[in-house]
Amino acid sequence: MIEVEAKVKISSPDEFRKKIKLIGKYKGKEKKVDDYYTIEELNQYPKKSLRIRRRKGFYEINFKQRVSYDHSVYAKKEVEFKVSNLDGFLNLIKDFGFKKWLRKEKKTELYQINKNFHIEINNVKHLGWFLEVEYLCEMKDIAKARKKVLEVIKRLGIGEKELVKEGYTRMLWKKKLK
């Protein structure tokens, strides 16, 4: 799947909750703790990394590759799979030279617009509050998804110039929070 997303830094989530409830249905809260691993040198921001997230009864491995960037909206190819034996997986990737380089923790409120389209209000540890609009689609539908993401952003009263261009991991890395 392709993840098409935009995010904005917000000072208070309360001002957006009412607007979001007019667009999407509240689906609940979740705490996400992500550990990132790379085979690259740790003294610079890596071009490639993988994410490990603990879920109920399994671990989720995720890798994202940028496809395009236009109007402050990213499109990334997302590869994701489950692992039940984390120790075995960690031993495998360490044998290939992977090193842990960063941890990201966020508390998420999820709102669903439809099956593949949602809004998140995230409180990211060390970074603060963010609002994300994300659409999952096929490669052929990126332009349509980008348009829909920007429509929702506009409907929430956010201008394109307010959108954050950096990902959370880069922002954390810049703060030297590893």
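Note that this is a predicted model, so its numbers are computed, not measured.

(A) View of the overall build of the protein. Per the secondary structure count, the protein includes four helices and nine strands. Reading the secondary structure of the protein in the N-to-C direction produces β-α-β-β-β-β-α-β-β-β-α-β-α. Its C-alpha radius of gyration of 17 Å places the protein within 12% of the 16 Å reference for a compact globule of 178 residues. Dimensions of the protein along its principal axes, counting C-alpha atoms only, are 50 × 35 × 35 Å. Per-residue burial over the protein gives 44% buried out of 178 residues. When the accessible surface of the protein is summed, it comes to about 10500 Å², and 50% of that surface belongs to carbon and sulfur atoms. Positive and negative charge centroids in the protein, built from 46 and 26 side chains respectively, lie 2 Å apart.

(B) Local environment of the pattern of salt bridges. A complete count under the given rule lists 20 salt bridges for this structure. Across the pair Glu60 and Arg53 runs a salt bridge whose closest N-O atoms are separated by 4.0 Å. No difference in accessibility class separates Glu60 from Arg53, as the two residues are buried. A salt bridge links Lys106 to Glu120; the nearest nitrogen and oxygen atoms lie 3.8 Å apart. Pair noted here: Lys106 is in strand E6 (residues 99–114) and Glu120 is in strand E7 (residues 117–124), with a separation of 14 residues, a long-range link. Residues participating in the shared-partner salt-bridge network are Glu30, Asp34, Arg51, Arg53, Arg55, Glu60, Glu80 and Lys104.

(C) Representation of unusual backbone geometry within the structure. The phi torsion at His71 lies on the positive side, around 55°, for a residue other than glycine. The phi angle at Ser72 is positive, at roughly 65°, despite the residue not being glycine. Its location among the elements puts Ser72 in the loop between strand E4 (58–70) and strand E5 (73–83). Residue Ser72 is classed as buried on the basis of its relative accessible area, which comes to 9%.

(D) Structural view of the side chain of Arg53. Position of Arg53 relative to the elements: it lies in strand E3 (residues 50–55). One polar contact links Arg53 to Asp34, side chain to side chain, over a distance of 2.6 Å. Ignoring sequence-local partners within four residues, the contact set of Arg53 consists of Lys32, Val33, Asp34, Phe58, Tyr59, Glu60 and Lys106.

(E) How the structure looks around the packing of aromatic side chains. Tallying each qualifying case throughout the model produces eight aromatic pairs. Centre to centre, the rings of Tyr45 and Trp101 are 5.4 Å apart; their planes meet at 90°, and the pair counts as edge-to-face. One end of the pair, Tyr45, is in the loop between strand E2 (25–38) and E3; the other, Trp101, is in strand E6, and 56 residues separate them in sequence. Given a relative accessible area of 22%, Tyr45 falls into the partly exposed group. We classify Trp101 as buried; its relative accessible area is 5%. Seen from their ring centres, Tyr45 and Trp173 are 5.7 Å apart, and the 70° between their planes marks the pair as edge-to-face. Taken together, the positions of Tyr45 in the loop between E2 and E3 and Trp173 in helix H4 (residues 168–174) put the pair 128 residues apart, joining distant regions of the chain. Put simply, the rings of Tyr36, Tyr45, Trp101 and Trp173 pair up and form one aromatic cluster. We note Lys7 situated over the ring of Tyr168; from NZ or CZ to the ring centre the distance is 4.7 Å. Sitting above the plane of the Phe58 ring, Lys82 keeps its charged end 4.7 Å from the centroid.

Definitions and limits used
Here the residue index of a chain counts from 1 through its sequence in written order. For this predicted model, a pLDDT threshold of at least 70 governs which residues receive local features, and a threshold of 80 or more governs which side-chain atom pairs are given and counted, while totals over whole chains, interfaces and linings are taken from all residues. Computation of side-chain values covers all heavy atoms of the structure but excludes hydrogens and water. We count a stretch as a helix when DSSP gives it H or I for four or more residues in a row; a strand needs E for two or more, and each element gets its number in order from the N terminus. With C-alpha atoms as the basis for the radius of gyration, the globule rule is written as 2.2 Å multiplied by the number of residues raised to the power 0.38. The classification of residues rests on relative accessible area computed with a 1.4 Å probe and restricted to protein chains. Under 20% of the type maximum is buried, over 50% is exposed, and intermediate values are partly exposed. A 1.4 Å probe and the Shrake-Rupley method give the accessible areas. Residues count as covered only by the protein chains that appear here. Two residue types count as positive, namely Lys and Arg, and two as negative, namely Asp and Glu; His and chain ends fall outside the count. Charge coordinates come from a single atom per side chain, which is NZ of Lys, CZ of Arg, CG of Asp or CD of Glu. Whenever a carboxyl oxygen of Asp or Glu lies within 4 Å of a side-chain nitrogen of Lys or Arg, that contact is scored as a salt bridge. Identification of polar contacts relies on pairs of N or O atoms within 3.5 Å, with a donor-acceptor requirement for protein atoms, meaning one able to donate a hydrogen and the other able to accept it, and with residues adjacent in sequence counted only if both atoms are side-chain atoms. Between two residues, a contact is recorded if the distance between any of their heavy atoms is within 4.5 Å. In this analysis, rings of Phe, Tyr and Trp, with Trp reduced to its six-membered ring, are considered paired at centre separations within 6.5 Å, and the interplanar angle assigns stacked below 30 degrees, edge-to-face beyond 60, and tilted for intermediate values. Whether a charge sits over a ring comes down to the Lys NZ or Arg CZ being within 6 Å of the ring centre and within 35 degrees of the ring normal.

Coordinates in, geometry out; function isn't part of it.
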